[in-house]
Amino acid sequence: MVGAGHQCLWASVSPSGHSLESLPVPTAWSLEGLTPGIPRGSHGLKEKTPPRPGARAHTPAAPGHKRTTPARSRTRSGARIPFGRPGLWVPRVQRLSFAPRLPSASLEARSVGGLAGGGGRGAQRRAGRAGGRAGGVERAGPAGCGGTGLGAGAGGGDMQADARLERGSRVLTPQSAPSLEPDPELGPDPEEDARARAKFAALHGPALRASGVPERYWGRLLHKLEHEVFDAGEMFGIMQVQEVEEDESEDEAAQEARKKPNPGGQLCYKVIVTNENGLQAADPNSIFLIDHAWTCRVAHARQQLQQVPGLLHRMANLMGIEFHGELPSTEAVDLVLEEMWKFNQTYQLAHGTAEEKVPVWYIMDEFGSRIQHADVPSFATAPFFYMPQQVAYTLLWPLRDLDTGEEVTRDFAYGEADPLIRRCMLLPWAPADLLDLSSSTPEPADEHYQAILEENKEKLPLAIKPAVYPCDHVFKVYTDVQQVLGHLSHPRFTFTQSEADAHILYHFSHLKDYRRLSRERPSVLLNQFPCENLLTVKDCLASVARRAGGPEGPAWLPRTFNLRTELPQFVSYFQQRERRGEDNHWICKPWNLARSLDTHITKNLHSIIRHRESSPKVVSKYIESPVLFLREDVGRVKFDIRYIVLLRSVKPLTLFVYDVFWLRFSNRPFALNDLDDYEKHFTVMNYDPELVLKQMHYDEFVPEFEKQYPEFPWKSVQAEIFQAFTELFQVACARPPPLGLCDYPSSRAMYAIDLMLKWDGRPDGKQVMQPQLLEVNFNPDCERACRCHPTFFNDVFSTLYLDEPDSCPVTRLV
């Protein structure tokens with residue numbers, strides 16, 4: 001999250017994640033200005049655009065840039081790899097030995113630009129601001145963010161857009177900016193220095209305060225940013241850890257304590273203070289820049305490891321993975337993709353398209369990645385985006401004074417106070433057994449739904465009487481939905497550009513103030529219901545569905561956990577399945593995104609736990625045995641089905657389903673492997689012009705389906721689907737708001753329900769097709785419906801607003 005004044009560009013996810021609007025910087029938030037439970041590195045910064053595959057390593061520093069020690073003895077962040085000095089000891093714990101000196105040529109060959117190479121300096125680094133999409137392989141300048149510019153930050157065009165937004169936000173004025181200590185290194189003109197400091201405080205002060213960076217560091221931070229000073233080597237060293245021979249006289253507890261100085265017990269390095277005078281937290285110079293070695297979005301990680309020269313070597317070396325040979329091997333790539341979740345940090349953009357808001361993950365350089373965990377850390381870290389140079393760094397500053405030899409640590413579970421949640425969050429580094437913990441997930445308490453209502457700032461309507469219109473009334477429709485404007489042609493509906501004159505408000509976005517609308521214009525009809533997020537937001541959908549199936553959920557919904565509130569239960573359930581040898585493939589989904597964006601399939605528990613830090617997510621059991629469809633050109637592929645349901649009223653519950661349904665197909669034969677192969681495991685192909693889009697009309701599909709599965713007539717399969725729809729809406733409308741959909745007489749709504757079919761075994765051993773509801777969408781994309789069925793919106797409006805379903809291709813469910 002990138003702050004700008006009081007109205008910020010931080011990725012605006014409230015503590016429970018339901019509101020995605022821009023929020024003021026919360027003064028009560030903790031050190032990083034983040035949602036509690038999100039560790040450092042989760043701010044919504046913009047990253048620098050990476051180079052295209054094959055981009056060369058950074059050139060040496062431009063003339064005039066500070067380089068205080070030989071480059072080969074430093075990481076990009078400036079931390080020395082001490083050699084040629086006496087060894088340091090941690091009594092009774094570990095022996096710390098020094099990393100060997102490596103020739104500069106070897107460093108360049110193995111790390112592509114340095115052992116912990118970071119972004120380029122001077123003109124070379126600024127050249128890397130060329131635009132490019134996150135993903136990093138399409139287009140970029142010659143130098144990107146992190147080491148050799150490897151990875152995928154948000155594109156330069158996006159950064160420029162955010163820069164405009166940030167500058168246009170409410171910011172501190174120079175008069176209100178804090179007083180920064182004069183810095184003789186900033187320039188010879190005190191007035192110019194003061195103006196530069198005031199400008200820096202106005203532009204970056206809100207983000208620095210939200211991150212908890214003390215103001216005493218701001219002056220030196222500005223100097224280091226302007227001159228790209230990486231001086232951590234003057235204060236710290238990276239020490240390689242070696243186990244000391246066990247002392248037979250030690251008791252078992254002492255030996256165990258000695259073996260586990262840090263979570264995981266597998267750590268090979270530590271960062272310690274090497275300056276002979278130690279480090280003083282009050283020193284304005286005690287803030288340091290850490291560069292980023294690799295930045296990407298998860299969907300592009302494998303491709304980058306395979307294509308970007310030197311990236312796999314560097315990541316394997318950073319993660320302690322043995323890698324031999326020049327060409328990336330599948331095994332080495334898989335190991336890096338598995339281990340990277342111990343090193344990843346994340347942020348998310350607050351503005352832009354849905355694709356641009358997909359979380360970005362980055363790995364700090366070798367210096368930053370060597371900093372280990374402590375429950376009581378000695379240092380704090382926070383990502384920081386420096387606007388003038390369009391570059392992201394991680395800032396490091398002390399929380400107390402440190403003596404020579406003391407370790408630099410940070411809290412990997414920063415902001416989380418609950419001991420059980422912290423234990424789960426630290427599992428990637430500290431394995432733990434949660435098998436004895438109950439995995440039961442009953443429906444949340446009523447207070448949970450009230451909190452969601454307040455977060456959404458939704459005001460419930462007053463009680464009103466149903467509006468009555470003459471049977472020949474012509475309704476004026478106000479809408480911002482282009483598909484409605486282009487295809488609604490029924491003679492009893494006409495469009496108006498005045499919202500005040502409309503009888504029907506058909507909005508693309510969610511309404512908030514139903515109370516005012518019910519008081520001032522109770523007869524105006526709507527296209528949405530109060531509290532409908534109980535259906536359309538994935539964590540709420542899972543919670544409400546438990547009313548039909550108990551803590552395990554109903555048979556028509558995959559077992560789902562809210563990673564914010566049910567992480568321990570999920571970990572226990574995952575470990576129980578692992579112990580029983582059951583399939584453990586899971587799919588992580590954001591609460592509020594569609595089209596498979598930021599959706600990941602994995603069997604890596606560490607990956608799932610870390611995905612919790614990026615944006616609010618649920619994790620659902622991946623359907624390992626889907627019903628497949630034989631495509632003659634491809635083979636047996638996954639498919640999903642979209643139905644349109646029309647909710648006419650809550651009380652009495654009146655629900656219709658459109659008789660036409662739509663199909664989406666994968667492009668590659670299904671198998672439980674290559675989990676990041678989008679065209680094998682996903683079906684949404686219509687938003688990427690480079691992907692093959694297989695389309696089949698429902699009346700072609702049904703006979704072909706019955707030909708492939710003659711024992712399962714489509715009529716009986718569809719009856720099970722409709723039964724699932726009925727049960728879902730019955731439980732969603734059974735309780736008063738905010739525990740259920742609000743009975744507002746002027747509301748109507750159209751939803752799209754996506755589902756798959758899976759094979760399920762019954763007690764008698766018979767295999768059956770079980771519908772699996774995936775999500776419920778508000779205001780779905782109806783382009784295909786309008787193209788294939790020009791009267792689609794006439795049918796929808798006739799059913800919802802004229803109460804004339806008999807003349808429309810709809811089936812009444814309730």
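Small disclaimer: the values here were computed from a predicted structure and weren't measured.

**What to know about the sheet that holds strand S11 (residues 391-398)**
Taking strand neighbours across the sheet as the criterion, the three strands line up as S5-S11-S10 in an open arrangement whose pairing is antiparallel. Edge positions in the open sheet fall to strand S5 (288-290) and strand S10 (379-386), since each of these has one partner strand only. When the angles between neighbouring strand axes are averaged without regard to direction, this sheet yields 35°. The pairing of S10 with S11 spans eight bridges and is classified as antiparallel. Residue pairing across strands places Thr381 opposite Leu396, the latter belonging to S11. Relative to the sheet, helix H4 (residues 190-210) contacts S10 and S11, its axis offset from that of S10 by approximately 135°.

**Notes on the side chain of Ser369**
Inspection of the secondary structure puts Ser369 in helix H10 (residues 366-369). Relative accessible area serves as the criterion here: at 11%, Ser369 is assigned to the buried category. A polar contact is formed between the side chain of Ser369 and the backbone oxygen of Met364, at a distance of 2.7 Å. Once residues lying within four places of it in the same chain are set aside, the contact partners of Ser369 are Leu318, Phe343, Ile363 and Met364.

**Considerations on the environment of Leu488**
Within the secondary structure, Leu488 is located in the loop between helix H13 (482-487) and strand S14 (493-495). Taking the C-alpha atoms as reference, Leu488 lies 9.7 Å from Cys786; in sequence the two are 298 residues apart.

**A closer look at the sheet that holds strand S13 (residues 475-479)**
The strand order across the open sheet formed by four strands is S14-S13-S15-S16, and the pairing between neighbours is parallel. Edge positions in the open sheet fall to S14 and strand S16 (525-526), since each of these has one partner strand only. Here S13 runs beside strand S15 (residues 504-506); their pairing, made up of three bridges, is parallel. Each residue of the ladder has a partner; that of Thr479, found in S15, is Tyr506. Along the sheet, helix H23 (residues 792-801) contacts S13, S14, S15 and S16; its crossing angle with S15, the most-contacted strand, is approximately 130°.

**A word on the pattern of salt bridges**
On inspection of all chains with the given rule, the structure shows 34 salt bridges. Two residues, Asp446 and Arg735, come together in a salt bridge whose shortest N-O distance is 3.2 Å. Of the two residues, Asp446 is situated in helix H12 (residues 446-455) and Arg735 in the loop between helix H21 (714-732) and strand S26 (749-761); the sequence distance between them amounts to 289 residues. Under the relative-accessibility criterion, Asp446 is labelled partly exposed at 38%. It is possible to trace a salt-bridge network through shared partners that takes in Glu443, Asp446, Arg547 and Arg735.

**Topic: helix H9 (residues 330-339)**
Regarding H9, the residues found buried are Ala332, Val333, Val336 and Leu337. Taken down its axis, H9 places every buried residue within 135° of arc, on the same side.

**What about unusual backbone geometry?**
One can expect most non-glycine residues to show negative phi and most peptide bonds to be in trans. Look at the link from Lys651 to Pro652: it is a cis peptide, with omega at -5°. Inspection of the secondary structure puts Pro652 in the loop between strand S23 (639-649) and strand S24 (654-658). Even without glycine at this site, Asp598 takes up a positive phi of about 50°. Inspection of the secondary structure puts Asp598 in the loop between strand S18 (586-590) and strand S19 (600-602). Positive phi values are uncommon outside glycine, yet Asp674 reaches one of about 45°. Within the secondary structure, Asp674 sits in the loop between strand S25 (662-665) and helix H19 (678-681).

**Details of the confidence of the model for the protein chain**
Residue-level pLDDT values for the protein chain average 79, and 74% of them are 70 or greater. Of the regions scoring below 50 in pLDDT, residues 1-181 engages in 530 contacts with residues more than four places distant in sequence or in other chains. Per-residue pLDDT stays below 50 along residues 257-265; that stretch engages in 26 contacts with residues further than four places along the chain or on separate chains.

The rules behind each value
- Residues numbered from 1 in each chain as written.
- Predicted model: local features only at pLDDT ≥ 70, side-chain atom pairs only at ≥ 80, totals over all residues.
- Heavy atoms only, no water.
- Pairing = 2+ DSSP bridges.
- Helix = DSSP H or I, 4+ residues; strand = E, 2+ residues; numbered from the N terminus.
- Axes fitted to C-alpha atoms, helices over the stretch in contact; angles between N-to-C directions.
- Contact = heavy atoms within 4.5 Å.
- Buried < 20%, exposed > 50% of the residue type's maximum accessible area, 1.4 Å probe, protein only.
- Polar contact = N/O pair within 3.5 Å; in protein donor to acceptor, adjacent residues only side chain to side chain.
- Salt bridge = Lys/Arg side-chain N within 4 Å of Asp/Glu carboxyl O.
- Arc of directions from axis to C-beta.
- pLDDT = per-residue confidence, 0-100.

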